[in-house]
Amino acid sequence: VLRSLSLVLGLGNTSHRQLTEARMLIEPPIAQFAALRARKEDIARLERVLIREEEEAARRTGPFHPTDSQFHRSVADCARNLPLIVLMNALADLTASTASALDVSIRARHRLKNCHYHRLIFEAIRAHDGDAACTIMAEHVRDIQRRVHGSLKDCDYSFQ
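Here we summarise the structure given alongside this text. Along each chain, the written sequence defines residue order, and numbers are assigned to residues from 1. Side-chain atom pairs in this predicted model are given and counted only at pLDDT of 80 or more, local residue features only at pLDDT of at least 70, and totals for whole chains, interfaces and linings cover all residues. Hydrogens and waters are ignored; side-chain quantities use all the structure's heavy atoms.

Some points on the packing of helix 2 (residues 16-37) against helix 4 (residues 70-79)
What counts here: The axes used here are C-alpha line fits, helices contributing only the stretch in contact, and every angle between their N-to-C directions lies in the interval 0 to 180 degrees. Under the scheme used here, helices are H or I runs from DSSP no shorter than 4 residues and strands are E runs no shorter than 2 residues, and both carry numbers assigned from the N terminus. Every angle not falling under 35 degrees, over 145, or within 65 to 115 is termed oblique; those three ranges are roughly parallel, roughly antiparallel and roughly perpendicular. Left-handed describes a crossing whose near helix is turned anticlockwise from the far helix through less than a right angle; right-handed describes the clockwise counterpart. Note on contacts: a residue pair qualifies if any of its non-hydrogen atoms lie within 4.5 Å across the two residues. All amino acids are sorted into three groups, where Ala, Val, Leu, Ile, Met, Phe, Trp, Tyr, Cys and Pro are nonpolar, Asp, Glu, Lys and Arg are charged, and the leftover types, Gly among them, are polar.
Running from amino to carboxyl end, helix 2 crosses helix 4 at an angle of 55°, the nearest separation of the two axes being 7 Å. As summarised for this structure, helix 2 and helix 4 are arranged oblique, according to the angle between their axes. Along this stretch, helix 2 crosses helix 4, giving a crossing that reads as left-handed. Across the interface between the two elements, Arg 23, Glu 27, Ile 30, Ala 31, Phe 33, Ala 34 and Arg 37 from helix 2 touch His 72, Val 75, Ala 76, Cys 78 and Ala 79 from helix 4. Class assignment for the residues of the contact of helix 2 with helix 4 results in eight nonpolar, one polar and three charged.

Spelled out as structure tokens, the structure:
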């Protein structure tokens, strides 16, 4: 069921613009809920995901994998809301599909920038600052979608 939503969105020729709109509506409130609801063990798990991501970003230049969206998926888990978790997983799958079309060097640059935002989001969640988590996530989604859109144009790839 979780993956079928991703499949439906992918088969529906979801445009990059539509994906960005959906992410902007869903991910910032998820981050806000995560900050307000995360338990000690959730924060510890999210920190492990972040540290692993930062280590991989520092050394990896290989192909993009959907697990690279694990931070966003883990933030959704912290929100403790099953429908939002399902939606986040579908959006993460679709985003990963888009990113897989990017050149390896472009993906490496994106990983480093994403880690910066992920660290800020994590700190807001750890501080249980819902407003900051929401604001930073919105800024992050806008930034990554802008960078991905520019990169897709550069490599002549159409998401539709």
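Things to note about helix 4
Every α-helix winds through 3.6 residues per turn, so residues three or four apart in the chain are directed the same way. Put simply, the rule is: A simple rule labels every residue: compare its accessible area, found with a 1.4 Å probe on the protein chains alone, to the largest value its type can have, and call it buried under 20%, exposed over 50%, or partly exposed in between.
In terms of burial, helix 4 is a largely internal element, eight of the ten residues being buried. Among the residues of helix 4, Phe 71, His 72, Arg 73, Ser 74, Val 75, Ala 76, Cys 78 and Ala 79 are the ones counted as buried. Following helix 4 by one or two positions, Arg 80 adopts a phi angle in the positive range, close to 55°.

So, the pattern of salt bridges
Heads up, the rule is: When a carboxyl oxygen of Asp or Glu is within 4 Å of a side-chain nitrogen of Lys or Arg, the pair counts as a salt bridge.
This structure, assessed with the given rule, holds ten salt bridges. We note a salt bridge from Arg 119 to Glu 54, for which the minimum N-O separation is 2.9 Å. Taken as a pair, Arg 119 in helix 6 (residues 104-126) and Glu 54 in helix 3 (residues 40-59) lie far apart in primary sequence, 65 residues in all. In this structure Arg 119 comes out as partly exposed when scored by relative accessible area, which is 25%. Each of Glu 47, Glu 54, Arg 119, Glu 123 and Arg 126 takes part in salt bridges that share partners, so that together they form one network.

Comments concerning the side chain of Asp 143
Formally: Whenever two N or O atoms come within 3.5 Å, that pair is a polar contact, provided that in protein one can donate a hydrogen and the other can accept it, and provided that, for residues adjacent in sequence, both atoms are side-chain atoms.
Counting through the fold element by element, Asp 143 comes out in helix 7 (residues 130-154). Within polar-contact distance, the side chain of Asp 143 engages the side chain of Arg 146 at 2.6 Å. The contacts of Asp 143, once residues within four sequence positions are left out, are Lys 113 and Tyr 117.

Description of the nonpolar core
Our working definition: Take the buried Ala, Val, Leu, Ile, Met, Phe, Trp, Tyr and Cys residues and link them wherever side-chain atoms come within 4.5 Å; each set so joined is a nonpolar core.
Ile 30, Leu 46, Phe 71, Val 75, Ile 121 and Ile 125 are the most contacted members of the largest nonpolar core, which has 31 residues in total. Residue assignment for this core shows that the elements contributing at least two residues are helix 2, helix 3, helix 4, helix 5 (82-99), helix 6 and helix 7. Beyond its immediate chain neighbours, meaning those up to four positions away, Ile 30 contacts Val 75, Ala 76, Ala 79, Leu 84 and Met 88.

Just distances and angles here, no functional claims.
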